[in-house]
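Chain and residue survey
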Amino acid sequence: MAKTLNELSREMRDFIVELQSDAHNITGFKKYRYNNLKIEVLDPRTSTFPQARVTIGMSAAVFNIATLEKISGGLGPDERYVLRWFMRETNLQEVKEAWRRAEKRIGKAQGSDES
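The structure contained in this document is the topic of the report that follows. These figures come from a predicted structure and were not determined experimentally.

Quick word on the overall build of the protein
Scanning the protein for helices and strands turns up three helices and four strands. Along the protein, helices and strands appear, N-terminal first, in the series α-β-β-β-β-α-α. With 115 residues in all, the protein has 37% of them scored as buried. Residue pairs at least 24 apart in sequence account for 43% of intrachain contacts in the protein once pairs closer than 6 positions are excluded. Of the roughly 7,200 Å² of accessible surface on the protein, a fraction of 50% belongs to carbon and sulfur atoms.

Description of the environment of Ala-102
Looking at the secondary structure, you find Ala-102 in helix α3 (residues 89–114). Given a relative accessible area of 6%, Ala-102 falls into the buried group. Sequence separation between Ala-102 and Val-41 is 61 residues; the distance between their C-alpha atoms is 7.8 Å.

Notes on the packing of aromatic side chains
If you walk through the whole model with that rule in mind, you get two aromatic pairs. Relative to Phe-86, the ring of Trp-85 has its centre 5.5 Å away and its plane inclined at 65°; by these criteria the two rings are edge-to-face. Both residues of the pair, Trp-85 and Phe-86, belong to the buried class. What links up through ring pairs into an aromatic cluster is the set Phe-63, Trp-85 and Phe-86.

With respect to the nonpolar core
Ranked by size, the top nonpolar core spans 27 residues in total, and within it Met-12, Ile-16, Val-54, Val-82 and Phe-86 carry the most contacts. Those elements that place two or more of their residues in this core are α1 (5–22), β1 (38–41), β2 (51–56), β3 (59–64), α2 (79–87) and α3. Here this core gets six residues from one element, more than from any other, and that element is α1.

Quick notes on α2
Among all positions in α2, only Glu-79, Tyr-81, Val-82, Trp-85 and Phe-86 are buried. For α2, the angular spread of buried residues about the axis comes to 160°, placing them on one side. Exposed and facing more than 90 degrees away from the buried side of α2 are Arg-80 and Met-87.

A word on the side chain of Thr-55
Here Thr-55 is to be found in strand β2. Judged by its relative accessible area of 19%, Thr-55 is buried.

Rules used in this analysis
Residues numbered from 1 in each chain as written. Predicted model: local features only at pLDDT ≥ 70, side-chain atom pairs only at ≥ 80, totals over all residues. Heavy atoms only, no water. Helix = DSSP H or I, 4+ residues; strand = E, 2+ residues; numbered from the N terminus. Buried < 20%, exposed > 50% of the residue type's maximum accessible area, 1.4 Å probe, protein only. Contact = heavy atoms within 4.5 Å. Areas by Shrake-Rupley, 256 points an atom, 1.4 Å probe, with all protein chains shown as cover. Phe/Tyr/Trp six-rings, centres within 6.5 Å; stacked < 30°, edge-to-face > 60°. Core = buried A, V, L, I, M, F, W, Y, C linked by side-chain atoms within 4.5 Å. Arc of directions from axis to C-beta.

Keep in mind these values describe shape, not function.
And the structure:
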């Protein structure tokens, strides 16, 4: 069964926290900073390619999930951890699947509007 974006967000948070916890410079690490990490797929009607936004605190970045190119925004030093999480094949496939589900929902909604 496909994972929800909330489940994927929790997995990304845990991944980043684990990587940060293993770092040598743990003294300034603030685990709570990642409590509101969020992954969202952007509205397929407004984009010609699949996009996902990752928000950590007050920072956000939008990525093309087909190429992993950053489209806009920035996450500071956490961006490298986000990209490492995306580069794990199963994670990227799950986010792509979330995009496809969003496309299907929109297609169904447009079909019911035309009735």
